[in-house]
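Observations on chain architecture
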Amino acid sequence: TMQSSGHRFRDVEHHPLLADNDTYDSSSSSSSEADMADRVWFIRDGCGMVCAIMTWLLVVYADFVVTFVMLLPSKDFWYSVINGVLFNCLAVLALSSHLRTMLTDPGAVPKGNATKEYMDNLQLKPGEVIYKCPKCCSIKPERAHHCSICKRCIRKMDHHCPWVNNCVGEKNQRFFVLFTMYIALISAHALVLCGFQFFSCVRGQWTECSDFSPPVTVILMIFLCLEGFLFLTFTAVMFGTQIHSICNDETEIERLKSEKPTWERRLRWEGMKSVFGGQPSLLWINPFAGFRIRRLLLRGKKGGPEFSV
């Protein structure tokens, strides 16, 4: 502990006193944060990038089997059209949610803001303790935790998910919830379609129920069933866990560490409105809400295509 500007300054990684809505007003920090806001957030983690690519490939594989193995060869035109449109729309929504989770700043605290100017601007009372993360040299807001992969302190960090190659935190939790929901829905849809396809092939002729040979058709569908079952189980559990955490205003890290809340917990419905934004509407399940193509193009012109940490 050392004395600075009339208050104590500690190098610890828990029990911060700084509130979530405190801002850094110094000119150096303002320019740094403005520069960060003008770039796309992206984590250069090898494992995370491989997992993210695998996610996309598995969704594309499922779409291929559903479209070209099961729906296009079907003799029922409306069955093919309705299920094809529904499955592909869900796939687009799932992948869009994945992209927004991966490319959205989860709530990173600016690096290196633990300076004398910053502490002076906080206007803390004499003897009040503030906390600094020794790993990224930043003042830790309340409920922030350091991520060893992102190498940053993340506000309301729930966990780091390699499948989206990013932390799930204050600013992107909504997109992660939508990602798990849409993946669970397309997995369930794929399983139902596989069930109908097996039934129709067994009842009729295998050579007529698909444009592929019977052995190839069976192998493709079995693999899709395994993929659908595993993804449905995983994402449904994750979706339920996330909704439970939001309703209890408690992150997964706080639950695992059994941290006693030092903040005023929101009521369940208030927690949902805080994460998804405003009153319940279709915007809650729309991953494109708030997306600005023009702003994204300006980001590319101003400071490069990505912001890596």
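The rules we used
Residues numbered from 1 in each chain as written. Predicted model: local features only at pLDDT ≥ 70, side-chain atom pairs only at ≥ 80, totals over all residues. Heavy atoms only, no water. 1 Å grid on protein atoms, 1.4 Å probe; cavity = no way out; pocket = protein on both sides within 12 Å on 5 of 7 lines; lining within 4 Å. Points joined across faces, edges and corners; volume = space filled by probe spheres on them. Helix = DSSP H or I, 4+ residues; strand = E, 2+ residues; numbered from the N terminus. Nonpolar A, V, L, I, M, F, W, Y, C, P; charged D, E, K, R; others polar. Salt bridge = Lys/Arg side-chain N within 4 Å of Asp/Glu carboxyl O. Buried < 20%, exposed > 50% of the residue type's maximum accessible area, 1.4 Å probe, protein only. Phe/Tyr/Trp six-rings, centres within 6.5 Å; stacked < 30°, edge-to-face > 60°. Disulfide = S-S within 2.5 Å. Contact = heavy atoms within 4.5 Å. Axes fitted to C-alpha atoms, helices over the stretch in contact; angles between N-to-C directions. Parallel < 35°, antiparallel > 145°, perpendicular 65-115°, else oblique. Left-handed = near helix turned anticlockwise from the far one by under 90°. Core = buried A, V, L, I, M, F, W, Y, C linked by side-chain atoms within 4.5 Å. Pairing = 2+ DSSP bridges. UniProt positions renumbered as here; feature names shortened; annotations may be inferred.

This part takes up the layout of surface pockets. Space inside the second largest pocket adds up to approximately 410 Å³. Taken together, 15 residues form the lining of the second largest pocket, with S74, K75, S200, R203 and C209 sitting closest to its centre. In terms of residue count, the dominant contributor to the lining of the second largest pocket is helix 5 (residues 173-203) (five residues). Among the residues making up the lining of the second largest pocket, the classes are represented as six nonpolar, five polar and four charged.

For the structure shown, the criterion picks out five salt bridges. Residue D249 is joined to K156 by a salt bridge in which the shortest nitrogen-to-oxygen separation is 3.8 Å. Taken together, the residues D249 in the loop between helix 6 (214-248) and helix 7 (252-256) and K156 in the loop between strand 7 (152-154) and strand 8 (159-161) connect sequence positions 93 residues apart. Pair check on accessibility: D249 and K156 agree, each one buried. For K273, the salt bridge goes to E270, with nearest N and O atoms at 3.2 Å. Of this pair, K273 and E270 both sit in helix 8 (residues 268-276), separated by three residues, roughly a single helical turn. Given the relative accessible area of 18%, K273 is considered buried. When its relative accessible area of 37% is taken as the criterion, E270 is described as partly exposed. One network of salt bridges, with partners in common, ties together R143, K156, D249 and E254.

Enumeration according to the criterion identifies seven aromatic pairs in this entry. Ring geometry for F64 and F68: centres 5.4 Å apart, planes at 35°, overall tilted. Here F64 pairs with F68, and both are found in helix 2 (residues 46-71), just four residues apart, close to one helical turn. Their ring planes at 75° and their centres at 6.2 Å tell us that F64 and F212 sit as a pair that is edge-to-face. Of this pair, F64 sits in helix 2 while F212 is found in the loop between helix 5 and helix 6, placing the two residues 148 residues apart along the sequence. For F64, a relative accessible area of 34% translates into the label partly exposed. Note on F212: relative accessible area 28%, which makes it partly exposed.

Bringing the state of the cysteines into the picture now. A complete count under the given rule lists zero disulfides for this structure. The thiol of C150 is not disulfide-bonded; the next cysteine sulfur, from C167, is found 3.5 Å away.

Let us now look at the environment of Q173. Mapped onto the elements of the fold, Q173 is located in helix 5. Exposure remark for Q173: the relative accessible area of 9% places this residue in the buried category. Residues Q173 and K156, spaced 17 residues apart in sequence, show a C-alpha to C-alpha distance of 9.5 Å. In this structure, Q173 is in contact with D158, V168, Q242, I246 and V275, ignoring residues within four places of it in sequence.

Here we come to the packing of helix 2 against helix 5. Viewed as axis vectors pointing N to C, helix 2 and helix 5 meet at an angle of 30°, and their least axial separation amounts to 11 Å. As summarised for this structure, helix 2 and helix 5 are arranged roughly parallel, according to the angle between their axes. Along this stretch, helix 2 crosses helix 5, giving a crossing that reads as left-handed. For the pair helix 2 and helix 5, the contacting residues are T55, V59, V66, V69 and M70 in the first and F179, I183, I186, A190, L193, C194 and Q197 in the second. Across the contact of helix 2 with helix 5, the residue classes break down as 10 nonpolar, two polar and no charged.

Judged by nonpolar contacts, the single largest core of 39 residues is most densely connected at V65, V66, M70, F176, I183, L224 and F276. Breaking this core down by element, the ones donating at least two residues are helix 2, helix 3 (77-103), helix 5, helix 6 and helix 8. Among the elements that make up this core, the one with the highest residue count is helix 5 (10 residues). In contact with F176, not counting residues within four places along its chain, are T101, H159, C161, V164, V168, M238 and Q242.

Another point: the pairing of strand 4 (residues 129-133). Burial within strand 4 is extensive, with five of its five residues counted as buried. Alternating positions in strand 4 separate into two faces, V129, Y131 and C133 on one and I130 and K132 on the other, with burial throughout. Bridge analysis of strand 4 against strand 5 (residues 138-139) gives two bridges, and the strand direction is antiparallel. Residue pairing for strand 5: C133 is matched across the bridge by S138. Following strand 4, the chain reverses through four residues before pairing antiparallel with strand 5; C137 in that reversal takes a positive phi of roughly 55°.

Next up on the list: the UniProt feature "transmembrane region" (unreviewed entry) in the protein chain. Listed under "transmembrane region" (unreviewed entry) in the UniProt record, and renumbered for this structure, are residues 46-71, 77-95, 175-198 and 218-239. Between the C-alpha atoms that bound residues 46-71 there is a distance of 36 Å. The span itself is 100% helix and 0% strand. Helix makes up 100% of residues 175-198 and strand 0%, and the two end C-alpha atoms of the span are 34 Å apart.

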